[in-house]
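# Understanding the architecture of this molecule
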Amino acid sequence: KKKFDWTESVLKYLIIGIMTIMFCGGVSKAFGQCYGTQLYTSPTDTFDDGSGYYLHYLNVLDCEFLISPPGATSVSIDFTYMDLIGNDYVYIYDGDNVNATLLASYNGATTSIPPTVTSSGGDMLVRFVSNTSYTDWGWEAIYTSIIPVNNGCNGLTTLTNITGTFDDGSGF
């Protein structure tokens, strides 16, 4: 009679789990790589190609980062690092889709950190595309947005009644 071996069972299920992730289209999500379109609505945030600082990005990626803070009048992006190879590209668009004006594009020929890129409106789309060959460390970016403050006060209001109510116009 064979004794039950925990090590063998755990190893078997671990291998099955890894194979399921890799062969069922989940490798990007499982290993933190970018996928699809990711929406950013905070006034400022940091994002990257999905690989993090210590790993190379994967081959055959095509992902988008839509920056759309409510009420923003412009969005600016600064890269903290960029290390692409060959024909892997980062595209930056002045709007919320790839049909908007292309503001900048960077690839493996980019040898230094790109300058600040600013949109003309409140939306910016960053698209990252990697090809089927080699990969590199990737990139990280910080975006900031300009959101005007509307405090509700505008000009001078003259009160002519002896009693009444008034407010600051903020709606609170």
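Residues numbered from 1 in each chain as written. Predicted model: local features only at pLDDT ≥ 70, side-chain atom pairs only at ≥ 80, totals over all residues. Heavy atoms only, no water.

## Brief notes about unusual backbone geometry
When glycine is set aside, most residues are seen to have a negative phi, and most peptide bonds are trans. The cut-off we apply is this: Here a helix means four or more residues in a row that DSSP labels H or I, a strand means two or more in a row labelled E, and each is numbered from the N terminus.
Phi at Val60 is positive, roughly 55 degrees, even though this residue is not glycine. Of note, Val60 is situated in the loop between β2 (44–48) and β3 (62–67).

## With respect to the sheet that holds strand β8 (residues 124–129)
The line we're drawing: Pairing between two strands requires that DSSP report at least two bridges joining them. To define axes, lines are fitted to C-alpha atoms, for helices over the stretch in contact only, and angles between the resulting N-to-C directions are given on a 0 to 180 degree scale.
With respect to topology, 5 strands assemble into an open sheet ordered β1-β3-β8-β5-β6, the strand pairing being mixed. With partners counted over all chains shown, the strands left at the sheet margins are β1 (37–40) and β6 (102–106), one partner each. Across the sheet, the mean angle separating the axes of adjacent strands is 15 degrees when strand polarity is ignored. Relative to β6, strand β5 (residues 89–93) runs antiparallel, the two sharing 4 bridges. Within β6, the residue paired with Tyr91 across the bridge is Ser105.

## A look at the pairing of β8
Consecutive residues of a regular strand have side chains that alternate between opposite faces of the sheet. Sheet topology note: the β3/β8 ladder contains 6 bridges and is antiparallel. Bridging across to β8, Phe65 finds its partner in Val126. Note: β5 against β8, 5 bridges, orientation antiparallel. Following the sheet pairing, Tyr89 is matched in β8 by Val129.

## Digging into the side chain of Ser119
As a reminder of what qualifies: Think of it in three bands: residues with accessible area under 20% of the maximum for their type are buried, residues over 50% are exposed, and the middle band is partly exposed, with areas taken using a 1.4 Å probe on protein chains only. Contacts are residue-level and defined by heavy atoms, with any inter-residue pair within 4.5 Å sufficient.
Within the secondary structure, Ser119 is located in the loop between β7 (117–118) and β8. Judged by its relative accessible area of 5%, Ser119 falls in the buried class. Ignoring sequence-local partners within four residues, the contact set of Ser119 consists of Ser74, Val75, Asp94, Leu103 and Met124.

## Structural notes on the packing of aromatic side chains
For clarity, the threshold we go by: Only Phe, Tyr and Trp rings take part, Trp by its six-membered ring, and two of them pair if their centres are within 6.5 Å. Stacked means planes under 30 degrees apart, edge-to-face means over 60, and tilted covers everything else.
Taken as a whole, this structure holds 12 aromatic pairs when the rule is applied. For the pair Phe47 and Tyr143, a centre-to-centre distance of 6.3 Å together with 55 degrees between the ring planes defines the contact as tilted. Of this pair, Phe47 sits in strand β2 while Tyr143 is found in strand β9 (residues 138–146), placing the two residues 96 residues apart along the sequence. Of the residues examined, Phe47 reaches a relative accessible area of 3% and is grouped as buried. One aromatic cluster is present, formed by Tyr40, Phe47, Tyr57, Phe65, Phe79, Tyr106, Phe128, Trp139 and Tyr143 through successive ring pairs.

## A word on the state of the cysteines
Covalent bonding between the sulfur atoms of two cysteines defines a disulfide. Condition: Two cysteine sulfur atoms form a disulfide, by the criterion used here, when they sit within 2.5 Å.
Summed over all chains, the structure comprises 1 disulfide. Note that Cys34 is cross-linked by a disulfide to Cys63, the S-S spacing being 1.9 Å. In this pair, Cys34 sits in the loop between α2 (27–30) and β1 while Cys63 sits in strand β3, placing the two residues 29 residues apart along the sequence.

## Quick notes on the confidence of the model for the protein chain
Fine structural detail should not be taken from predicted coordinates in areas where pLDDT scores are low. Here is the rule we go by: Every residue gets a pLDDT, meaning the predictor's confidence in that residue, from 0 to 100.
Confidence along the protein chain averages 82 in pLDDT terms, with 75% of residues attaining 70 or more. Of the regions scoring below 50 in pLDDT, residues 19–30 engages in 11 contacts with residues more than four places distant in sequence or in other chains.

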